[in-house]
Amino acid sequence: MVFDTAVTYVKSWGGDGAGYEWPQREHGINIDNKGFVWITGNNCPTNGIANLKRSPDDQILKFTQDGKFVMRIRHSNQSKGNADTVNVHRAADVQVNPRTNELIRRDGYGNHRVIVFDADSGQFQRMWGAFGHNR
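Residues numbered from 1 in each chain as written. Predicted model: local features only at pLDDT ≥ 70, side-chain atom pairs only at ≥ 80, totals over all residues. Heavy atoms only, no water.

Asker: In this structure, what is going on with a nonpolar patch on the surface? I would like to understand it.
Answerer: A cluster of nonpolar side chains, Met1, Phe3, Val7 and Tyr9, forms an exposed patch at the surface whose accessible area comes to about 490 Å². For Phe3, a relative accessible area of 42% puts it in the partly exposed group. (Patch = residues over 30% accessible without salt bridge, like charges linked within 9 Å, V, L, I, M, F, W, Y side chains within 5 Å. Areas by Shrake-Rupley, 256 points an atom, 1.4 Å probe, with all protein chains shown as cover. Salt bridge = Lys/Arg side-chain N within 4 Å of Asp/Glu carboxyl O. Buried < 20%, exposed > 50% of the residue type's maximum accessible area, 1.4 Å probe, protein only.)

Asker: How should I be thinking about the sheet that holds strand β4 (residues 37-41) in this particular structure?
Answerer: Within a sheet, each strand pairs with its neighbour through backbone hydrogen bonds, oriented either parallel or antiparallel. Here 4 strands make up an open sheet; going across it, the order is β3-β4-β5-β6 and the pairing antiparallel. Whereas interior strands pair on both sides, the edge strands pair on one side only; in this sheet they are β3 (26-31) and β6 (69-73). Taken over all neighbouring pairs, the strand axes of this sheet differ in orientation by 20 degrees on average, direction set aside. Strand direction decides the pairing type here: β4 and strand β5 (residues 60-63), joined by 3 bridges, are antiparallel. (Pairing = 2+ DSSP bridges. Helix = DSSP H or I, 4+ residues; strand = E, 2+ residues; numbered from the N terminus. Axes fitted to C-alpha atoms, helices over the stretch in contact; angles between N-to-C directions.)

Asker: How do you make sense of the pattern of salt bridges when you look at a structure like this?
Answerer: Where charged atoms from two side chains of opposite charge approach closely, those side chains can pair. The final tally for this structure, using the stated rule, is 4 salt bridges. The salt bridge partner of Lys34 is Asp120, with a shortest N-O separation of 3.5 Å. Of this pair, Lys34 sits in the loop between β3 and β4 while Asp120 sits in the loop between β9 (113-118) and β10 (124-129), and the two are 86 residues apart along the sequence. Classification of Asp120 by relative accessible area gives partly exposed; the value is 45%. In this structure, the salt-bridge partner of Glu102 is Arg126, at a minimum N-O distance of 2.7 Å. With Glu102 in strand β8 (residues 102-107) and Arg126 in strand β10, this residue pair connects regions lying 24 residues apart in the sequence. Overall, Glu102 belongs to the buried group, its relative accessible area being 11%.

Asker: Honestly, unusual backbone geometry in this entry has me stumped. Any pointers?
Answerer: Glycine aside, negative phi is the norm for most residues, and most peptide bonds take the trans geometry. At Val7, a position not held by glycine, the phi torsion is positive, near 65 degrees. Mapped onto the secondary structure, Val7 falls in the loop between β1 (2-3) and β2 (9-11). Even without a glycine there, the phi angle at Asn101 is positive, about 60 degrees. With respect to the helices and strands, the residue Asn101 is situated in the loop between β7 (93-97) and β8.

Spatial relationships are all this shows, so hold off on functional conclusions.
Written out as structure tokens, the structure reads:
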């Protein structure tokens, strides 16, 4: 939802769309230095919350501020653990470093690491952490 400075409702957008599924439990909504909106979720099928799909929120979504879908990083229910450079698991939150144009993701709900992607292409750059364990 978008509000003006007087807290008057302006517009809203969201929900499933072509090329992505909307997170079951939104966790992070961040706007980067270029004005793109990044959406993450942290649903887990075993959390027992009624009326949610039994699928983890394992994707990072990028939109314009008008709600136009730009990019999805990875797919839900595909994570193979801490060493997986292709997928995330229950994406908590993201930040874009404007100097390097890197999307930094704290992958702490499902995995135990920090993982970095290119903010334009979504390509894996590097990761660290995971306490030395594969999960």
